Amino acid sequence: MSAPSWSRWNGVVVTLACAALLSSCGRVSQSDGEQLARVDCAACHMFPNPELLDKKTWVSGVLPQMAPRLGLPAPSLYDEMARNPYFTVLSRPVSAADWNAIVRYYETRAPAELPDQTLPAEPQLDPPFFATGPFIRGLRVSPIITLLKTDSVNKRIFVGEAATNLLRIFDFNRRLKSTLRLGSAPTDVISDKDRILVLESGNLAPNDEPTGSLVRYDLAEDGTLRRPTTVIDSLLRPVFVARYDFAGDGRPDFVICEFGNNRGRLALYRAPRDGARYQRQVLDGNPGAIRVEIRDMTGDGAPDIVALLAQGDERIVLFENDGAGKFGGQQRVLARFPPVYGSMYFTLADFNGDGKPDIVYVNGDNFDYSRVLKPYHGIRILENDGQNNFTERYFFPLYGAAHAVVADFDKDGDFDILATSNFADSLKHPERGIVYLENVGDYQFRPYAFSIARGSQWNVMAEADLQRDGWPGVIIGAMRLKNITQIREPGDSDTSPALLWFAFHPIAAKR
């Protein structure tokens, strides 16, 4: 599994989301703030109920950041001159009277505080059937892991870091085989026998410049990387790549999530003919694409694209293959969420055994203008009725939920979930930075938490059977963000490891 979820660590997330909140798709003059919000919001994304945030966060955090996007004057000439050229502003701004009505509505209706999360069951601490510890004892890496992926065929483990911009390749014996310093943090990788393709962010910080790229490196027998060749350039802060031969002609295409900032896109890059450049087909032209899965969702034998899109209109979208490997515009929103949910990750898995993929959805981004513990953060299972209509069947509240590995860990015939949190309740329950949900049937799960999660923030994960015993294991990477601007190098103050190894113990599970 790769590391798309790091992409939500920027302050523009709720700015963009809540800018869209009141975007005017045809101004209707209304004096009532609720009517204004509901009319404008419905044209752009799900209506964000005032109860989703507390009063102070709306008034002091989110709404002031939203005002300039609605066309209200900048607070100073300096702010106006410094505005990003890609900063979206309404063509017809809201009036001061409408804006004041909207602010009053949220200020009046929002609660003083958000309620605490109520869990279906209290997690047990440190289950004996998981062995946990550092991935490699004494390994010094950046505490912000941007890429974590395994290749079970060629027995490789890829670790990418911010700050150092290093890509490290380990074998399944956890021996370091190669280290490459890149110009920017790597965010994803495709691994072949004698080469790898590395997705390079260009600039990890929020930006709108097309400086990302997909680069091919030849892999020598000794593990070194040679002869870099840029395959696709001019990418907008890319975070995830998938490869598939949609045309069936032996020339695979690439689907790339370009998360961007004020601008971004989900794009399909068609394989070139006769040495030409890859041809870009934009599937969605908005920023915030995080992850895709390629799966035949319609049952016609042609693989479709399912994508998680955030940064305002948070949703999971099905892009249908027309049967000939083309994507001409047939889209379907499978699930939609309020803009403050903080979508981080999704994956497809059949939880009810009907042969139709269900959705595991993870939301918990909190690195924005609403940094409060949110009771609606967590892990959700959305059941497929067989016609790609999805209904929420399970929710486990988890502050700051970031990533999930879905696997039959205990081999009892159903899927369990191992999840991370990047923004756990560090004061009351830091052990819930990593949570295991044991499936006990009928959408019921027994939760466990881990002491080793204390003292850090956890994000990306990758599954691998490093024990070679046939039981799932998981590597877990940290994303230790002290504040919105600081990316830290490894230092003496970092006492907890940035990479963990979790191994399931079947004998302990049977006791």
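No experiment lies behind these values; they were computed from the predicted model shown. (Residues numbered from 1 in each chain as written. Predicted model: local features only at pLDDT ≥ 70, side-chain atom pairs only at ≥ 80, totals over all residues. Heavy atoms only, no water.)

Chemist: I'm lost on the sheet that holds strand 6 (residues 176-181) in this one. Help?
Modeler: Picture the strands of a sheet paired through backbone hydrogen bonds; they go either parallel or antiparallel. The antiparallel open sheet is built from four strands, whose spatial order is 3-4-5-6. Only two strands of the sheet have a single neighbouring strand rather than two, namely strand 3 (145-151) and strand 6. On average, adjacent strands in this sheet sit at an angle of 15° to one another, irrespective of strand direction. Looking at chain direction, strand 5 (residues 166-171) and strand 6 are connected through five bridges and run antiparallel. Across the sheet, residue leucine 167 finds its bridge partner in strand 6, namely leucine 180. (Pairing = 2+ DSSP bridges. Helix = DSSP H or I, 4+ residues; strand = E, 2+ residues; numbered from the N terminus. Axes fitted to C-alpha atoms, helices over the stretch in contact; angles between N-to-C directions.)

Chemist: Just checking my understanding: could you explain the packing of aromatic side chains for this structure?
Modeler: Each aromatic ring pair is described using two quantities: the centre-to-centre distance and the angle formed by the ring planes. Tallied over the full model, the rule gives 26 aromatic pairs. Measuring from ring centre to ring centre gives 5.0 Å for phenylalanine 246 and phenylalanine 327, while their planes differ by 85°; the resulting arrangement is edge-to-face. Taken as a pair, phenylalanine 246 in the loop between strand 11 (238-244) and strand 12 (253-258) and phenylalanine 327 in the loop between strand 17 (314-319) and strand 18 (331-337) lie far apart in primary sequence, 81 residues in all. In this structure phenylalanine 327 comes out as buried when scored by relative accessible area, which is 4%. Ring geometry for phenylalanine 254 against tyrosine 278: centres 5.5 Å apart, planes inclined by 55°, an arrangement best described as tilted. (Phe/Tyr/Trp six-rings, centres within 6.5 Å; stacked < 30°, edge-to-face > 60°. Buried < 20%, exposed > 50% of the residue type's maximum accessible area, 1.4 Å probe, protein only.)

Chemist: Got a minute to help me understand helix 3 (residues 55-66) in this structure?
Modeler: Residue pairs three or four apart in sequence face the same way in an α-helix, which turns once every 3.6 residues. Relative to the 16 Å expected for twelve residues at 1.5 Å per residue, helix 3 spans 15 Å between its end C-alpha atoms, a close match to the ideal helical length. By the N-cap criterion, in which a side-chain oxygen at the helix start approaches the backbone nitrogen of a residue two or three places on, helix 3 is capped by aspartate 54, the distance to lysine 56 being 3.1 Å. (Expected span 1.5 Å × (residues − 1). Polar contact = N/O pair within 3.5 Å; in protein donor to acceptor, adjacent residues only side chain to side chain.)

Chemist: Help me out: how do you make sense of unusual backbone geometry in this one?
Modeler: The phi dihedral of lysine 155 falls on the positive side, at around 55°, and the residue is not glycine. Here lysine 155 is to be found in the loop between strand 3 and strand 4 (156-161). Owing to a relative accessible area of 41%, lysine 155 belongs among the partly exposed residues under this scheme. Positive phi is not limited to glycine here, since asparagine 165 has a value of about 55°. The topology assignment puts asparagine 165 in the loop between strand 4 and strand 5.

Chemist: Any chance you could explain the pattern of salt bridges here in plain terms?
Modeler: Two side chains that carry opposite charge are able to pair once their charged atoms sit near each other. For the coordinates displayed, the defined rule picks out 22 salt bridges. With a shortest N-O distance of 2.7 Å, aspartate 284 and arginine 315 are connected by a salt bridge. Of this pair, aspartate 284 sits in strand 14 (residues 279-284) while arginine 315 sits in strand 17; the two residues are 31 residues apart in sequence, bridging distant segments of the chain. The exposure classification of aspartate 284 matches that of arginine 315, with both residues buried. Between arginine 295 and glutamate 293 there is a salt bridge, and its shortest N-O distance comes to 3.4 Å. Where salt bridges share partners, they join Asp284, Asp313, Arg315 and Arg336 into one cluster. (Salt bridge = Lys/Arg side-chain N within 4 Å of Asp/Glu carboxyl O.)

Chemist: What is the right way to read the nonpolar core from this model?
Modeler: For soluble globular proteins, nonpolar side chains are generally found buried alongside one another. Trp99, Leu266, Val292, Ile316 and Ile359 are the most contacted members of the largest nonpolar core, which has 57 residues in total. The leading source of residues in this core is helix 5 (residues 96-109), at six residues. Apart from the residues lying within four places of it in its own chain, the contact partners of isoleucine 359 are Ile316, Leu334, Phe346, Thr347, Leu348, Arg380, Ile381, Leu382 and Phe390. Core analysis: the second largest hydrophobic core is formed by 37 residues, Ile145, Tyr448, Leu466 and Ile476 among them. (Core = buried A, V, L, I, M, F, W, Y, C linked by side-chain atoms within 4.5 Å. Contact = heavy atoms within 4.5 Å.)

Chemist: I would appreciate a short explanation of the confidence of the model for the protein in the present structure.
Modeler: For residues with low pLDDT, the predicted coordinates do not support detailed interpretation. Looking at the protein, the pLDDT average stands at 88 and 88% of residues meet or exceed 70. Scored below 50 in pLDDT, residues 9-31 shows 94 contacts in the model against residues more than four places distant or in partner chains. Note that pLDDT drops below 50 for residues 483-492; the model gives that stretch 28 contacts with residues more than four away or on any other chain. (pLDDT = per-residue confidence, 0-100.)

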